[in-house]
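# Summary of structural features
For reference, the chains in residue letters:
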Amino acid sequence: MSDILGKFIDKKNADSAFLSLKDGESVVIVKLKDIKPGTKNGFDGKPKDVLNFTVEVETSEGVREKLFQNGTPRFAKELQDKNVQIGNGFTLTRAGQQAQTRYTVSNVVVPAV
């Protein structure tokens, strides 16, 4: 029974339009397709500036396009410091929960020209 439920959950997560990670979870971003500024409501309900990342992600159902949002200068600085560019791949890892959440980037892959 748990195998059926696990497969159902994996498929729903793969089909979601949004990239969502749990504390301690990592995902392989196959390709960063786009970055655009935007706004979303923060934990306090007030609008805050964010970056909207369109990415291709490895899932249990194959590679899927997803949206990932982040509004922290720390994450933008990490991308800048690691020279992540449109077209690159990388591993994204989440640590922490709610306002204590931090995302880190590793294993940056630059596509061959």
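Up top you'll find the structure we're talking about.
Predicted model only: the values in this text are computed from it and were never measured.

### Comments concerning the pattern of salt bridges
- Taken as a whole and judged by the stated rule, the model has five salt bridges.
- Here Asp 34 ties to Lys 36 by a salt bridge, and the two come within 3.7 Å at their closest N and O atoms.

### Notes on a nonpolar patch on the surface
- A contiguous nonpolar surface patch, about 200 Å² in accessible area, is contributed by Val 28, Val 30 and Val 63.
- Turning to its location among the elements, Val 30 is positioned in strand β1 (residues 26–41).

### Describing the packing of aromatic side chains
- Inspection of the entire model under this criterion finds five aromatic pairs.
- With a centroid separation of 5.9 Å and 40° between ring planes, the pair formed by Phe 53 and Phe 68 is classed as tilted. You can see Phe 53 sitting in strand β2 (residues 47–59) and its partner Phe 68 sitting in strand β3 (residues 62–70), a full 15 residues away along the chain.
- Take Phe 53: its relative accessible area is 2%, and that puts it in the buried class.
- Taken together, a centroid distance of 5.7 Å and an interplanar angle of 80° make the contact between Phe 53 and Phe 75 edge-to-face. Within this pair, whereas Phe 53 is found in strand β2, its partner Phe 75 is found in helix α2 (residues 73–81), the two being separated by 22 residues in sequence.
- Using a relative accessible area of 4% as the deciding quantity, one classes Phe 75 as buried.
- An aromatic cluster of at least three residues, connected via ring pairs, comprises Phe 53, Phe 68, Phe 75 and Tyr 103.

Rules used throughout
- Residues numbered from 1 in each chain as written.
- Predicted model: local features only at pLDDT ≥ 70, side-chain atom pairs only at ≥ 80, totals over all residues.
- Heavy atoms only, no water.
- Salt bridge = Lys/Arg side-chain N within 4 Å of Asp/Glu carboxyl O.
- Patch = residues over 30% accessible without salt bridge, like charges linked within 9 Å, V, L, I, M, F, W, Y side chains within 5 Å.
- Areas by Shrake-Rupley, 256 points an atom, 1.4 Å probe, with all protein chains shown as cover.
- Helix = DSSP H or I, 4+ residues; strand = E, 2+ residues; numbered from the N terminus.
- Phe/Tyr/Trp six-rings, centres within 6.5 Å; stacked < 30°, edge-to-face > 60°.
- Buried < 20%, exposed > 50% of the residue type's maximum accessible area, 1.4 Å probe, protein only.

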